[in-house]
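Remarks on the overall topology
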Amino acid sequence: MKPVLVKDNIYWVGGIDWEVRDFHGYKTQRGSTYNAYLVMDENITLIDTVKHYLFVEMMARISQVVDPSKIDYIISNHVEMDHSGSLPELMKVAKNARLYTSPNGEKGLKAHFHKDWEFNVVKSGDSLSLGKRSLSFVQTPMVHWPDNMVSYMPEEKILFSNDAFGQHIASSERFDDQLPLDIVIEEAQKYYANIVLPYGAQVQKALEAASGLEIETICPSHGLIWRSKIPAILKEYVKWAGNETQEKAVIIYDSMWDSTKKIAYAVQSAFESKGISTQMRSLKSTHISDIMTDVITSKYICVGSPTLNNGILPSVSAFLTYMKGLSPKNRVGLAFGSYGWSGESVGVVEEILKSCKFEMLDNIKIRYVPGEQDLQEVTDQLIQTL
Ligand code: FEO
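Counting starts from 1 at the beginning of each chain's written sequence and moves along it residue by residue. Confidence filtering applies because this is a predicted model: local features only for residues at pLDDT of at least 70, side-chain atom pairs given and counted only at 80 or more, and all residues used for totals across whole chains, interfaces and linings. Excluded from the side-chain calculation are hydrogens and water; included are all heavy atoms of the structure.

What follows deals with a nonpolar patch on the surface. Two joining distances apply to patches: 9 Å for like charges and 5 Å for nonpolar side chains (Val, Leu, Ile, Met, Phe, Trp, Tyr), and every residue must have over 30% relative accessible area and no salt bridge. Surface accessibility in these figures is a Shrake-Rupley result with a 1.4 Å probe; residues are shielded only by whichever protein chains are displayed. Throughout this description, the term salt bridge denotes a Lys or Arg side-chain nitrogen within 4 Å of a carboxyl oxygen of Asp or Glu. Taken together, the side chains of Trp341, Tyr368 and Val369 make up a nonpolar region of the molecular surface, amounting to roughly 410 Å² of accessible area. Along the chain, valine 369 falls in the loop between strand 22 (364-367) and helix 12 (372-385). Note on classification: 1.4 Å probe, protein chains only; a residue is buried when its accessible area is under 20% of the maximum for its type, exposed when over 50%, partly exposed between these limits. On the accessibility criterion, valine 369 (53% relative accessible area) is exposed. Numbering of helices and strands runs from the N terminus; a helix is a DSSP stretch of H or I covering at least four residues, while a strand is a stretch of E covering at least two.

Let us now look at the domain arrangement of the protein chain. Source of the domain bounds: an automatic or database domain assignment. Looking at the protein chain, the domain boundaries give domain 1 (4-241) and domain 2 (249-385). Just the C-alpha atoms count here: the centres of domain 1 and domain 2 sit 38 Å apart. Take the accessible area each of two parts loses on contact, using a 1.4 Å probe, and add the two losses: that sum is the buried area. In this assembly, domain 1 packs against domain 2 so that about 1,100 Å² is buried in total across both faces, 59% of it on carbon and sulfur atoms. The three residues of domain 1 that bury the most area against domain 2 are Gln189, Asn194 and Leu197, which together make up 41% of that side's buried surface. In this structure, lysine 190 and aspartate 290 form a salt bridge, with 2.8 Å as the shortest nitrogen-oxygen distance. Within the residue set of the side of domain 1 that touches domain 2, elements represented by two or more residues are strand 5 (26-27) and helix 5 (181-196). Ranked by residue count, the leading element in the side of domain 1 that touches domain 2 is helix 5, at 6 residues. Among the residues making up the side of domain 1 that touches domain 2, the classes are represented as 6 nonpolar, 4 polar and 3 charged. Gly is put with the polar residues, along with every residue not named as nonpolar or charged; the nonpolar set is Ala, Val, Leu, Ile, Met, Phe, Trp, Tyr, Cys and Pro, and the charged set is Asp, Glu, Lys and Arg.

Moving on: the sheet that holds strand 12 (residues 127-129). Spatial ordering of the open sheet is given by 12-13-14-15-16, a layout of 5 strands whose pairing is mixed. Each edge of the open sheet carries a strand with a single partner, namely strand 12 and strand 16 (217-220). Averaged over all neighbouring strand pairs, the angle between strand axes comes to 20°, with direction disregarded. When DSSP finds two or more bridges between a pair of strands, those strands are recorded as paired. Orientation is described by lines fitted to C-alpha atoms, with helices fitted over the stretch in contact, and by angles between N-to-C directions that extend from 0 to 180 degrees.

Here you go:
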């Protein structure tokens, strides 16, 4: 439970959530952290807090540096309760602290906690002197809530980026060079795909604003602090925000009696024949939040369901609803599936993929169990169109 020095007199004092495996529907197999940062200056400042049940842990870390009642300023970059959940308890301890937040932050915090706090509202371009250092605020609305803002400390070249650049990783390590980079990037990719993806245009604007700043350290609100690999994560964010994809196909399906599964593998053969890399994602064994990690880099999104009760399987429906909400763009879709008599499933899948504004390949529909020749035809026909 030790604080971690980020730079002289700037400490990470967050909470490590080793146990969390579900983050509003997102599977967090590696747990998470909620990062709060303590700046020891003439005005002692805490940037963000932690989920309510890690309040004691955060306070234990702060107390090793300073008596928490001496905190002068609290900055709330984001209302969502993984970062604001400890505010009510903290405000009772840090009785004299002034609370700074964005205009929508004020509205959001009032609506969440219904407390009679005095709010100091800051906007883009406003600056707050902490003493030797200062914080400049930049509102980043819809990255990913209306209230989001980031705080930049020019004297130390630190960007406190809140959710942006975060990853759900619980670890004792605090910095990007202390864990293998592929793990950190993979979790940042999953985070982007499941939390930030709908807001690519806003992320591009925020990246543009950030490009004018000298940044040596990015302190996000989840996971590891970026200090050595900033160019690597910025490069990925530019791609993800621009909906840039690779020549890859993700083939997502569920099956009742393996007929749709057989079609899925015939579809895979076609992509393989064209030298296009594939990922097979059965909804029986892969969580929808992990499939989104594939969707974010794949040009081809192929979705299969058999017909059940004149519709699609609930697992496929859940995935499509989730993906549509996250709004990936510039993809090519393919609907496929088997059926017994009424055969609505492929049409239902196709309509949803079209509503995502995907360019569509010709759908594939086979009655009952596909034979070897049927499957070969699926592969051959798809090869023609790729
Ligand atoms: Fe990590 Fe939007 O909260």
